[in-house]
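Take a look at the letters that make up each chain.
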Amino acid sequence: MFEILFLGTGTSHGVPVVDCVMSDYKFCPKNVCKAAETDPKHNRTRSSVLISFNQKNILIDCGPDFRTQVLREKVKRIDAALFTHRHSDHINGISDIRSFCTKIENGKPNVHDLPIYGSQETIDAISQCFSYIFDPDTFVGGGIPKLKRNAVDGKFKVFDLEIETIPVIHGSCNGCFGYRFADTAYIPDVKSIPQKSMEKLQNLELLIIDCLRMERPHSTHFVYEDIKKLIAEINPKKVIGTHLCHDIDYLADEKAIDPRMTFAFDGLKLQLS
Ligand SMILES: [Zn+2]
Ligand SMILES: [Zn+2]
Ligand SMILES: [Zn+2]
C-alpha cells in the first residue's frame, strides 16, 4: 500500500503563465489563466510527486516550486529523491532540500545524507548545475543540502520500494527516465517511448503521463492524441495526465477524453496498492 501526493502538475511555465497574465490573457487559449484566480484546480505548480511507503517519503523531481509545495502540503519529511531528467523545472528546487537533511535525534539536530537517484546523465547534470553542493571546499555557513548521489538503471530499491527505470525520449535530453513502482508508472516528460520501455509498461493499474495539451503536437512532449495511441497499445486500467499547460481546461477537456483518464491537480492524493 502506498500513497501518491501530486505536489505539482504544471508544465515548465506553471499555470497561470506569467506572460499570459501580463498580456491581460489576450492569448490564453481557454482562459484557464484567468479562471485560476477563482478556481485553485487551475493553478499548477511545476510537476513533482511525493510517494509515501512504509513510513518513508520519496520525492520525484524537485522543481522551482518545491518550497511552496512542501509548505502547502505540510510535508514533514523527505527521505530520498528521484529525478526524471535534468530540465530546470525538475531540478531547480534542489537547494531547498537542505531543510530535510536535518533530523532531530535525542532532542538535537543531526545532519544526514539524503540519497538522490537518476540516470548517470541526470546525476552528472545536477553535479554540474549545483557544483557548490558537492565541492568539499564550499563554505557551509549558509547551509547546503547533503546529498548522496546514486546513478541508476534498470531495477533498484529505495528503502523497501522496488523501482524500475523507464528510459524515454524527450527532445535532446539524454538520460530521461520515467519510473515504475508496483503497478504504477510516472512519466512526466516524454515525446516517444522506445520498444524496450514499452515492454515495461504492461499490466499497469495506473499510468501517470505527460499531457501538455489536447491535439496540437509538440516537439518534445506528449499531447492527448499521443496518449490515446499509447493506451490503445498498453491498456492501463487508469490514466492521469500531468505536466499540463494552460491549454488544458480540466472542466471542459475531461469530458472529451478516454473514460479511464482524468487530469491531475495540485494536492491530489491517491492510495494505491
Ligand atoms: Zn518538465
Ligand atoms: Zn494562459
Ligand atoms: Zn523536460
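Engineer: What is the right way to look at the overall build of the protein in this model?
Structural biologist: Looking only at helices and strands, one finds 9 helices and 16 strands in the protein. Taken against the 2.2 N^0.38 rule, which gives 19 Å for 273 residues, the C-alpha radius of gyration of the protein at 18 Å falls within 12% of a compact globule. The dimensions of the protein, computed from C-alpha atoms along their principal axes, are 55 × 45 × 35 Å. Looking at the protein residue by residue over its 273 residues, the buried ones come to 43%.

Engineer: Where do I start with the environment of aspartate 79 in this structure?
Structural biologist: In this fold, aspartate 79 is placed in the loop between α3 (66-72) and β4 (80-82). The sequence separation of aspartate 79 and glutamate 233 amounts to 154 residues, and the corresponding C-alpha distance is 35 Å. Beyond its immediate stretch of four places on either side in the chain, aspartate 79 contacts Lys56, Asn57, Ile58 and Phe159.

Engineer: Whenever I open this one, helix α8 (residues 224-234) confuses me. Can you help?
Structural biologist: Residues lying three or four places apart along an α-helix face the same way, a consequence of the helix completing one turn every 3.6 residues. Within α8 the residues assigned to the buried category are Tyr224, Asp226, Ile227 and Leu230. Buried residues of α8 fall within an arc of 145° about the axis and therefore sit on the same side. What points out from α8, more than 90 degrees from its buried face, is the exposed set Lys229, Ala232 and Glu233.

Engineer: How do you make sense of the sheet that holds strand β14 (residues 238-242) when you look at a structure like this?
Structural biologist: Sheet strands pair by backbone hydrogen bonding; their relative direction is either parallel or antiparallel. The 7 strands are arranged β9-β10-β11-β12-β13-β14-β15 in an open sheet whose pairing can be described as mixed. Edge strands, defined here as strands with exactly one partner in the open sheet, are β9 (155-158) and β15 (261-263). Averaged over all pairs of adjacent strands, the angle between their axes in this sheet comes to 25°, without regard to strand direction.

Engineer: Where do I start with the nonpolar core in this structure?
Structural biologist: Proteins that are soluble and globular tend to have nonpolar side chains buried together. Ranked by internal contacts, the top residues of the largest apolar core, which has 68 residues, are Val49, Ala81, Tyr179, Ala185, Ile209 and Cys211. If near-sequence neighbours (up to four positions away) are discounted, cysteine 211 is found in contact with Phe222, Val223, Tyr224, Ile227, Gly241, Thr242, His243, Leu244 and Ile248.

Engineer: Explain the sheet that holds β4 here, please?
Structural biologist: Strand order in the open sheet made by the 7 strands is β8-β7-β4-β3-β2-β1-β16, with mixed pairing throughout. Edge positions in the sheet fall to β8 (147-151) and β16 (269-272), since each has one partner strand and no second. Going across the sheet, the axis of each strand differs from the next one's by a mean of 20°, ignoring polarity. The pairing of β4 with strand β7 (residues 114-118) spans 2 bridges and is classified as parallel. Bridging across to β7, alanine 81 finds its partner in isoleucine 116.

Engineer: Explanation requested: the environment of isoleucine 257 in the structure shown.
Structural biologist: Mapped onto the elements of the fold, isoleucine 257 is located in the loop between α9 (250-253) and β15. Using a count of 19 C-beta atoms within 10 Å as the deciding quantity, one classes isoleucine 257 as partly exposed. Distance from isoleucine 257 to serine 172, taken between C-alpha atoms, is 29 Å for residues 85 residues apart in sequence.

Engineer: I'm lost on the pairing of β9 in this one. Help?
Structural biologist: Looking along a regular strand, one sees side chains alternate from face to face of the sheet. In this sheet, strand β10 (residues 161-167) lies alongside β9 in antiparallel orientation, the contact comprising 4 bridges. Bridge assignment links lysine 155 to a residue of β10, and that residue is glutamate 164. Taken together, β9 and the strand that follows it, β10, pair antiparallel across an intervening segment of 2 residues, in which phenylalanine 159 is found at a positive phi of about 55°.

Each value, and the rule that gives it
- Residues numbered from 1 in each chain as written.
- Chains lettered and ligands numbered in written order.
- Predicted model: local features only at pLDDT ≥ 70, side-chain atom pairs only at ≥ 80, totals over all residues.
- Helix = DSSP H or I, 4+ residues; strand = E, 2+ residues; numbered from the N terminus.
- Rg over C-alpha atoms; globule rule 2.2 N^0.38 Å.
- Buried ≥ 20, exposed ≤ 12 C-beta atoms within 10 Å, placed from the backbone.
- Contact = placed C-beta atoms within 7 Å.
- Arc of directions from axis to C-beta.
- Pairing = 2+ DSSP bridges.
- Axes fitted to C-alpha atoms, helices over the stretch in contact; angles between N-to-C directions.
- Core = buried A, V, L, I, M, F, W, Y, C linked by C-beta atoms within 7 Å.

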